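Residue-level structural notes
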Amino acid sequence: MNLAEAFTIAMRSLRANRLRSALTTLGIVIGVSAVIILVGLGNGIKAGFNTQFGALGNQVIITKINGSVPGGGAAKELKDSDVTALSNPAQAPNIGNVTPVVGGSELVSYNQRQFRAAVQGSTPGYLSVMNRELVVGSMYTPEQAKSNARVVVLGPNAIATLFDGNAGEAVGKTVRIGRGFFDVIGVVKANGQQDDAAIMPLGAARAFLIGGNDTVSQIVVQAGTVNQVPQAQQEIYKVLDSRHLIRDPAKRDYQATALQSLLDQANQFLTFLTLFTVAVAAISLIVGGIGVANIMLVSVTERTREIGIRKAIGARRSAIMKQFLIESTMLAGIGGFVGILIGTAITVAAQVIIPKVAPDFGAPTVSIGAVALSFAVSLLIGLIAGGFPANRAARLQPIEALRYQ
């Protein structure tokens, strides 16, 4: 019996038991489609994350160490003079931009409604540095920053509480922040990270809310490119160690955290999470393989007399074994193919739906590698699951098989 004949007989056997074959392949179908869908969703999450936060990859955030310096006295404050020193191209050629930030927490009030906001006082370039966008309105101008104008850009959480989420209504209104009154000139788009913010000119935050003449809460440093981040970080250490009289790097009174390293860690976590969920989905493939093995054992039992007749007229053991291996592999292969169709269709549909429902989530993508691997695994499972039943069928003695009732 050649290979073509074996395939023909296998197809005839599967068609003879359509419902049983369909139910047997169900586990394979679910497993393959789940793997494709979950890998696609994982790729979409990573793509959305990198799109949303990738622009921050060239940033280094400098903050003061809270408490005492290890092995030393109290930590020194970060000051405007530190910002000026870091902005000097002669001392830090790999640093492209330096943005000071002062922060605090203040109560924002409007028409008897109140919201606790995270006040951020900074330069007019703060939004671009932090990769934030405006929903409506505008950022304060350099002239307004220089004159310590009482203007503020509010985050979406404050708008939700104070103006029932109506950003357009908020612009032009005057809100009370702490003991002072500020005009709302813009509303930033939600990003899930700093949605409680109330952003205002650096001088206005110092003069009317936070206090402090020349101290800053943090310094945001942008390297020229992502590749220049390591050099920029070393220049930060060189400049600030000299200014803060730091001789032992272990006793620095400040921290310089490169966001790129945090992004890399987050991507590693997302990759691990995707692999974990795919591994859970792959359990369905194993369950499907058990179903294939079970149904092939039943098939061997049902066709015992057929096997005896074939062996009696000269069929070799290898031919019988090949016959049942082909049937189990075809059964798993059909399930894998249907699973690919379903998984791909759902992933493609999600590419259209998810960007409309959750724009920041990231559109899923069909992974060719996941499709090929899941189909290959389904075929392998069929081959393994059919191995024992096929061997059992091949070892039957013709006389015993012909006597079987």
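Residues numbered from 1 in each chain as written. Predicted model: local features only at pLDDT ≥ 70, side-chain atom pairs only at ≥ 80, totals over all residues. Heavy atoms only, no water.

Another point: the packing of aromatic side chains. For any pair of aromatic rings, the description rests on two quantities: the centre-to-centre distance and the angle between the ring planes. Throughout the structure, instances matching the rule amount to 3 aromatic pairs. Ring centres of phenylalanine 182 and phenylalanine 208 lie 6.3 Å apart, and the angle between their planes is 80 degrees; on these two criteria the pair is classed as edge-to-face. In this pair, phenylalanine 182 is assigned in strand 8 (residues 180-188) and phenylalanine 208 in helix 8 (residues 202-210), connecting sequence segments 26 residues apart. Taking relative accessible area as the criterion, phenylalanine 182 reaches 0% and is therefore assigned buried. According to the relative accessible area criterion, phenylalanine 208 is partly exposed, its value standing at 32%. Its end group placed over the ring of phenylalanine 208, arginine 150 keeps NZ or CZ at 4.0 Å from the ring centre. (Phe/Tyr/Trp six-rings, centres within 6.5 Å; stacked < 30°, edge-to-face > 60°. Helix = DSSP H or I, 4+ residues; strand = E, 2+ residues; numbered from the N terminus. Buried < 20%, exposed > 50% of the residue type's maximum accessible area, 1.4 Å probe, protein only. Lys NZ or Arg CZ within 6 Å of the ring centre and 35° of its normal.)

Let us look at the side chain of asparagine 58. Examined against the element boundaries, asparagine 58 turns out to sit in the loop between helix 2 (18-53) and strand 1 (59-64). In contact with asparagine 58, not counting residues within four places along its chain, are Val221, Gln222, Ala223, Gly224, Thr225, Val226 and Val229. (Contact = heavy atoms within 4.5 Å.)

This part takes up the pattern of salt bridges. Note that side chains of opposite charge can pair when their charged atoms are close. Across all of its chains, the model carries 6 salt bridges by this definition. Residue aspartate 195 is joined to arginine 132 by a salt bridge in which the shortest nitrogen-to-oxygen separation is 3.6 Å. Of this pair, aspartate 195 sits in the loop between strand 8 and strand 9 (197-201) while arginine 132 is found in the loop between helix 4 (126-129) and strand 5 (134-137), placing the two residues 63 residues apart along the sequence. Here the two residues aspartate 195 and arginine 132 agree in accessibility, since each one is buried. (Salt bridge = Lys/Arg side-chain N within 4 Å of Asp/Glu carboxyl O.)

Attention now moves to the nonpolar core. Ile62, Leu86, Val152, Ile177, Ile219, Val221 and Ile236 are the most contacted members of the largest nonpolar core, which totals 47 residues. Those residues in contact with isoleucine 62 that lie beyond four places of it in its chain are Leu78, Leu86, Ser217, Gln218, Ile219, Val221, Ile236, Leu240, Tyr254, Gln255 and Ala256. Ile61, Leu127, Met130 and Val151 belong to the second-largest nonpolar core, a separate cluster that totals 19 residues. (Core = buried A, V, L, I, M, F, W, Y, C linked by side-chain atoms within 4.5 Å.)

With that settled, the discussion passes to unusual backbone geometry. Although it is not a glycine, glutamine 112 adopts a positive phi angle of roughly 70 degrees. If you trace the backbone, glutamine 112 turns up in the loop between strand 3 (95-110) and strand 4 (113-122). Of the residues examined, glutamine 112 reaches a relative accessible area of 83% and is grouped as exposed. The residue aspartate 164 is not glycine, and still its phi comes out positive at about 55 degrees. Checked against the element boundaries, aspartate 164 lands in the loop between helix 6 (156-162) and helix 7 (167-170).

Looking now at the environment of threonine 347. Inspection of the secondary structure assignment puts threonine 347 in helix 12 (residues 317-357). For the pair threonine 347 and leucine 38, spaced 309 residues apart in sequence, the C-alpha to C-alpha distance is 8.8 Å. Once you skip the residues sitting within four places of it in the chain, threonine 347 turns out to touch Ile36, Ile37, Gly40, Pro364, Thr365 and Val366. Polar contacts involving the side chain of threonine 347 include one to the main-chain carbonyl oxygen of glycine 343, which spans 2.7 Å. (Polar contact = N/O pair within 3.5 Å; in protein donor to acceptor, adjacent residues only side chain to side chain.)

Before going further, it helps to spend a moment on the confidence of the model for the chain. Overall, the predicted model of the chain reaches an average pLDDT of 83, with 85% of residues at or above 70. Summarising per-element confidence for the chain, the mean pLDDT is lowest in helix 14 (residues 398-403) (60) and highest in strand 6 (residues 151-154) (96). (pLDDT = per-residue confidence, 0-100.)

Taking 1.5 Å of rise per residue, the 15 residues of helix 9 (residues 229-243) would be expected to cover 21 Å, and the 21 Å separating its terminal C-alpha atoms lies within 8% of that figure. Among the residues of helix 9, Val229, Ala232, Gln233, Glu235, Ile236, Tyr237, Val239, Leu240 and Asp241 are the ones counted as buried. The secondary structure elements touched by the buried residues of helix 9 are strand 1, helix 3 (80-86), strand 3, strand 11 (218-223) and strand 12 (254-258). At the C-terminal side of helix 9, leucine 245 shows a positive phi close to 60 degrees. (Expected span 1.5 Å × (residues − 1).)

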